[in-house]
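Fold and geometry: a report
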Amino acid sequence: MPMACFSILSPPHPTLTLTLLPPSHSQCGGFTVRVSVALTERLSQHHKTNSIIPSTRAAANGGGFETETAVVEKPQLKTLFQASRGYPSPFGATVRDGGVNFAISSLNALSATLCFFTLSDFQNNRVTEYVPLDPLINRTGGVWHVFLKGDFRDMLYGYKFDGKFSPLEGHYFDSSHILLDPYAKAVISRGEFGALGPDGNCWPQMAGTVPSEDDEFDWEGDLPLKYPQKDLVIYEMHVRGFTKHESSNTKFPGTYLGVVEKLDHLKELGVNCLELMPCHEFNELEYYGHNSAQGDYRVNFWGYSTINYFSPMIRYSSAGIRNCGQDGINEIKFLIKEAHKRGIEVIMDVVFNHTAEGNENGPIISFRGVDNSMYYMLAPKGEFYNYSGCGNTFNCNHPVVRQFIVDCLRYWVTEMHVDGFRFDLASIMTRSSSLWDGANVFGAPIEGDLLTTGTPLSSPPLIDLISNDPILCGVKLIAEAWDAGGLYQVGTFPHWGIWSEWNGKYRDTVRLFIKGTDGFAGAFAECLCGSPNLYQGGGRKPWHSINFVCAHDGFTLADLVTYNNKNNLSNGEDNNDGENHNNSWNCGQEGEFVSTSVKKLRKRQMRNFFLSLMVSQGVPMIYMGDEYGHTKGGNNNTYCHDNYHNYFQWDKKEESSSDFFRFCRLMTKFRQECESLGLADFPTSERLQWHGHFPGKPDWSETSRFVACTMVQ
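This structure is a prediction, so every number in the text was calculated from the model and none was measured. (Residues numbered from 1 in each chain as written. Predicted model: local features only at pLDDT ≥ 70, side-chain atom pairs only at ≥ 80, totals over all residues. Heavy atoms only, no water.)

1. Thoughts on the environment of Met237
Topologically, Met237 is positioned in strand E18 (residues 234–237). Placed 411 residues apart in sequence, Met237 and Phe648 show a C-alpha to C-alpha distance of 9.6 Å. If sequence neighbours within four positions are ignored, Met237 has contacts with Phe242, Val259, Leu266, Leu274, Glu275, Leu276, Met277 and Met624. (Helix = DSSP H or I, 4+ residues; strand = E, 2+ residues; numbered from the N terminus. Contact = heavy atoms within 4.5 Å.)

Okay, structure coming up:
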């Protein structure tokens, strides 16, 4: 009887091979079944051992069986970890029961493997150990999970997922990529800001830090300050830019610790709320390339291109990747604690509208490889919707994604002690998710529900979830109420009574009136009252309006009175980037080298702007450097500059201490001491009287350039 061999392959399960051997003479027609099992994982990465198990032999008389041994080949994993089934929640890597539980959602993946690195192996681009997850044991619904015990000191981790690679169907599974866990609490790659990876790689391998019971921080009893929002004076700051200039004379320039050294400046200015530009992990080398116009290298300086939302930007810390990023986490905690000691709240600028993975040509780092069709807003043929203007749109109202966002916000409040959030391009969070329909979101169809992907929703599930969350409803929530897809919701953002907005209409109106445009006297008066035309009808208060004249995006206050036109040639894009409509006025001469009379007029205009900001009802926001008259040379889009464009120049601040900075400091003090400013409700005629050039006679005509009022204490 010839030998026959049968193989059954059912990925990701083991391969089962049955081999039928011819009988010996003594077996009288019987046969032997030899069983061999081999896992479909890459066996070259594991040691193999042979073990002996019973097999069966059919008796010659056609029915009896006798026992024989068969060789079973199976992979022998290294003994670093002891594995068990694990738990499907919480997501991420969680210390518990003497080990670490790993859980991640990927509904469409067919297989999942945990990858671990020691620090030395990671630096040599070598995986220390693979832990394949059994879909029968380590999967619950769409969640992959495993519980491991072992020595996790200085250990990093990532995931491999395999499944269909079909961009037309929205799937980008590729097991050659080791992916970041979206819930990783620290991301390790390069340790120094702007330094290239091995062989000049701008996108070196990244991995998450495995948490430890030893990861502790002494908060010294720190508690939220919980200021009423009406009492805030907000300061928008870039962490690196604040102290990187050599004139800062800080021990750790360009870092969280550098900011701590300069917190007393904010206290002196009268600021009681710090709004940090993006401090989530991003890749500053995303746009890296030589900039011939500037003679240096372009980087992603502002950071509006998030890689991981739980991890603070490690390269903003003096520690870098030391202690697997834990020292960096402690540095931003230290900044928040020290700010609170000085009576300053801390708000995070968060970018949940898109990620650094871009469009279909972008890198596969995390979300795309974990489950692209879940995390991104996709068209029917897999194309990426681009309401962000950055290549992709986060699928915010998908059930898994909105829970991810809430989990992240809760983490920053409970573990990092932040006091609130400013949401970049927040209108994207009000758009319907991919495959939007009643059954998908609410569990049952809704009659007449014809919403398509991206349709603005009056009651977005994500905003609803955040607004009614028992932790998040008690912090500051600020929406940038527009997006790059043309949705503009200033005054109409779904708010549940607790969301405030960056008031872009305030910015435009104040600029137009102060530069002398006809027809804005009445609109300017509305701004001084807290924009009741926008917020009173919807049941909100003046403090729901975040008033600003300048922010990171656009002209600085000094440039607003110095340039009629943007001057972005230093960006290397032939002056084609940046906003063309700045509502600025150069006071008669373009640029910095002008007559003495023009300089005096510019200083007066700057005072007009700052005064308007401080005496308006609502919440004033100051942009970093405006308090001394920082200039970017007319560049209104300095996103790519790690240089003097974006650096706070402390020597210039000292020069202006007896001039504009003194004025700003005295105005913030006046605001805080005046009971008629920062009201809890809109002013009425009982305490507010308008004037023109003559008392009690306001001029609301088209050509009016003068607005005055009296407020009763």
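Alright, that's what it looks like, and here's the rest.
2. A look at the pairing of strand E23 (residues 306–312)
Buried residues dominate E23, accounting for seven of its seven residues. In this structure, strand E20 (residues 280–282) lies alongside E23, joined through three bridges in antiparallel fashion. Across the sheet, Phe282 pairs through a bridge with Thr306, a residue of E23. (Buried < 20%, exposed > 50% of the residue type's maximum accessible area, 1.4 Å probe, protein only. Pairing = 2+ DSSP bridges.)

3. A few points about the packing of helix H14 (residues 596–615) against helix H16 (residues 660–673)
Taken N-terminus to C-terminus, the directions of H14 and H16 make an angle of 15 degrees; their axes are 9 Å apart at the nearest point. As far as their axial angle goes, H16 and H14 are roughly parallel. Considering the relative orientation of H14 and H16, their crossing is right-handed. Each of Met606, Arg607, Phe610, Leu611, Leu613, Met614 and Val615 in H14 lies in contact with H16, whose residues at this interface are Phe660, Phe663, Cys664, Met667, Thr668, Phe670 and Arg671. (Axes fitted to C-alpha atoms, helices over the stretch in contact; angles between N-to-C directions. Parallel < 35°, antiparallel > 145°, perpendicular 65-115°, else oblique. Left-handed = near helix turned anticlockwise from the far one by under 90°.)

4. Describing a negative patch on the surface
Judged by side-chain charge, Glu213, Asp214, Asp215 and Glu216 come together as a negatively charged surface patch. In this fold, Asp214 is placed in the loop between strand E17 (207–209) and E18. According to the relative accessible area criterion, Asp214 is exposed, its value standing at 67%. (Patch = residues over 30% accessible without salt bridge, like charges linked within 9 Å, V, L, I, M, F, W, Y side chains within 5 Å. Areas by Shrake-Rupley, 256 points an atom, 1.4 Å probe, with all protein chains shown as cover. Salt bridge = Lys/Arg side-chain N within 4 Å of Asp/Glu carboxyl O. Lys, Arg positive; Asp, Glu negative; His and termini not counted. Charge placed at Lys NZ, Arg CZ, Asp CG, Glu CD.)

5. Things to note about the pattern of salt bridges
Enumeration over the complete set of coordinates arrives at 30 salt bridges. A salt bridge links Asp327 to Arg322; the shortest N-O distance between them is 3.0 Å. For Glu338, the salt bridge goes to Arg342, with nearest N and O atoms at 3.1 Å. Looking at Glu338, the relative accessible area reads 9%, which means it is buried. Arg342 gets classed as partly exposed once you look at its relative accessible area, which sits at 21%.

6. Brief notes about the side chain of Thr668
Among the secondary structure elements, Thr668 is positioned in helix H16. Residue classification places Thr668 among the buried positions, given a relative accessible area of 1%. There is a polar contact of 2.4 Å between the side chain of Thr668 and the backbone oxygen of Leu269. Look past the residues within four positions of Thr668 in its chain and what remains in contact with it is Leu269, Gly270, Phe610, Met614 and Ile622. (Polar contact = N/O pair within 3.5 Å; in protein donor to acceptor, adjacent residues only side chain to side chain.)

7. Section: helix H11 (residues 521–528)
Ala521, Phe524, Ala525, Cys527 and Leu528 are the residues of H11 that are buried. Around the axis of H11, the buried residues are gathered within 155 degrees of arc, so they sit on the same side. On its buried side, H11 packs onto helix H10 (504–515), H14 and strand E30 (688–691). (Arc of directions from axis to C-beta.)

8. Here's the deal with the sheet that holds strand E13 (residues 155–162)
Taking strand neighbours across the sheet as the criterion, the five strands line up as E10-E9-E13-E17-E16 in an open arrangement whose pairing is antiparallel. One side of each edge strand has no neighbouring strand; the edge strands of this open sheet are strand E10 (129–133) and strand E16 (187–188). The pairing of E16 with E17 spans two bridges and is classified as antiparallel. Bridging from a neighbouring strand, Ile188 pairs with Ala207 of E17.

9. Side note on the packing of aromatic side chains
According to the stated counting rule, one finds 53 aromatic pairs in the structure shown. Here Tyr287 and Tyr639 contribute two aromatic rings whose centre-to-centre distance is 5.7 Å and whose plane-to-plane angle is 80 degrees, an arrangement assigned as edge-to-face. With Tyr287 in the loop between E20 and strand E21 (289–291) and Tyr639 in the loop between strand E29 (619–623) and helix H15 (650–655), this residue pair connects regions lying 352 residues apart in the sequence. Between Tyr385 and Tyr387, the ring centres sit 5.7 Å apart and the planes meet at 10 degrees, which makes this aromatic pair stacked. Across the ring face of Trp650, the terminal group of Lys262 is positioned such that the distance to the ring centre comes to 4.3 Å. Above the face of the Tyr387 ring, Arg431 is positioned so that its terminal group lies 3.7 Å from the ring centre. (Phe/Tyr/Trp six-rings, centres within 6.5 Å; stacked < 30°, edge-to-face > 60°. Lys NZ or Arg CZ within 6 Å of the ring centre and 35° of its normal.)

10. Looking at the nonpolar core
Grouped together as the largest cluster of nonpolar side chains are 162 residues, with contacts concentrated most on Phe102, Phe116, Phe161, Tyr235, Phe394, Phe421 and Phe423. Counting residues per element, this core draws most heavily on helix H7 (residues 399–414), which supplies nine residues. Core analysis: the second largest hydrophobic core is formed by ten residues, Cys115, Phe122, Ile178 and Cys324 among them. (Core = buried A, V, L, I, M, F, W, Y, C linked by side-chain atoms within 4.5 Å.)

11. Re the side chain of Asp483
Inspection of the secondary structure puts Asp483 in the loop between strand E26 (476–479) and strand E27 (499–502). Judged by its relative accessible area of 7%, Asp483 is buried. For Asp483, the side chain forms a polar contact with the side chain of Arg431, separated by 2.7 Å. Separated by 3.3 Å, the side chain of Asp483 and the backbone nitrogen of Gly486 make a polar contact.

12. Let's talk about unusual backbone geometry
Each neighbour pair has its own omega, and for Ser89 with Pro90 the value is -5 degrees, a cis peptide bond. One can find Pro90 in the loop between strand E6 (81–84) and strand E7 (92–96). The phi angle at Glu220 is positive, at roughly 55 degrees, despite the residue not being glycine. Along the chain, Glu220 turns up in the loop between E17 and E18.

13. A word on helix H6 (residues 367–375)
Burial of H6 is extensive: eight of the nine residues sit out of reach of the surface. Within H6, the full set of buried residues consists of Phe367, Arg368, Gly369, Val370, Asp371, Asn372, Met374 and Tyr375. Contact partners of the buried residues in H6: strand E8 (99–105), E13, strand E15 (171–172), E23 and H7.

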